[in-house]
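So you can see what is in the structure, the chains are spelled out below.
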Amino acid sequence: MNKREQQKQERRNTIIEVAKAMILEKGIQELQLQDVADAAGIGIATFYRYFPNKELLIIAVNNQIVEQMLADIEHRIKGAVNAYEEIERVLGYYVDIVEEPEQQFVRFVRSIEAYRPMEVESEEYQHYVSIRKRFSELLLAIATRGQQDGSIRSGVDLSFYLFTIVQNISHFASESKLTKHDPSLPLDLNSSQQVILLKDVFMAHLRANN
């Protein structure tokens, strides 16, 4: 990468970081491209060279979030002794994002859930698809190891099970963290404790010596 290309990449990253911060503060609907350009220190014409519309910018911000999530999970499972431990570490990631003080991940997930991109033929969206594919391949590889290494009890369709629990625990993690406690309930349903309980129930069901 030459100096000019590096400068373009750095500027693009700056735009994405600025937009992400604004989304976390105000939400997607309130995001104004002129505000992003101003905060990034560029003119709106220059901004449009990088992102011709708001939708492409949102997808790019989402890609950065999901890419980091995948990298964090890949790092976590390194060194695991078997598939059971890998699954436990994957689910542990979602426990940790619930306990993250600034709640950046769960707030962004909530904000983008209502935003459905239409630019499905764009390079940005295709990159998003490729990240999701990599995550799916990671889970499938864990499922394959689980069927072979004896750490998972027999009779479990591990691929189906793993995709189901990851999808549901990730959704519950964001929903429970951002849902206000109902004061009419006789106890405080602490969101972190609830996610930990779900993880433990899932893992107990998978354990080979059940």
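S.K.: I'm lost on the packing of aromatic side chains in this one. Help?
M.R.: Remark: the centre distance and the inter-plane angle together describe each pair of aromatic rings, the angle taken between the planes. Counted under the stated rule, the structure contains five aromatic pairs. A ring pair is formed by Phe47 and Tyr48, whose centres lie 5.7 Å apart and whose planes are at 75 degrees; its orientation type is edge-to-face. For Phe47, a relative accessible area of 0% gives the class buried. Residue Tyr48 is classed as partly exposed on the basis of its relative accessible area of 38%. Aromatic pair Tyr93 and Tyr94: ring centres 5.2 Å apart, planes at 85 degrees, arrangement edge-to-face.

S.K.: Which parts of the structure should I look at to understand the pattern of salt bridges?
M.R.: Two side chains of opposite charge can pair, provided their charged atoms sit close to one another. Under the counting rule described, the total for this entry stands at eight salt bridges. As a salt-bridge pair, Glu17 and Lys20 come within 3.7 Å of each other at their nearest N and O atoms. In this pair, Glu17 and Lys20 are both assigned in helix α1 (residues 3–26), three residues apart and thus about one turn of the helix distant. Take Lys20: its relative accessible area is 15%, and that puts it in the buried class. Between Glu86 and Arg145 there is a salt bridge, with the nearest N and O atoms lying 3.1 Å from each other.

Conventions and cut-offs
Residues numbered from 1 in each chain as written. Predicted model: local features only at pLDDT ≥ 70, side-chain atom pairs only at ≥ 80, totals over all residues. Heavy atoms only, no water. Phe/Tyr/Trp six-rings, centres within 6.5 Å; stacked < 30°, edge-to-face > 60°. Buried < 20%, exposed > 50% of the residue type's maximum accessible area, 1.4 Å probe, protein only. Salt bridge = Lys/Arg side-chain N within 4 Å of Asp/Glu carboxyl O. Helix = DSSP H or I, 4+ residues; strand = E, 2+ residues; numbered from the N terminus.

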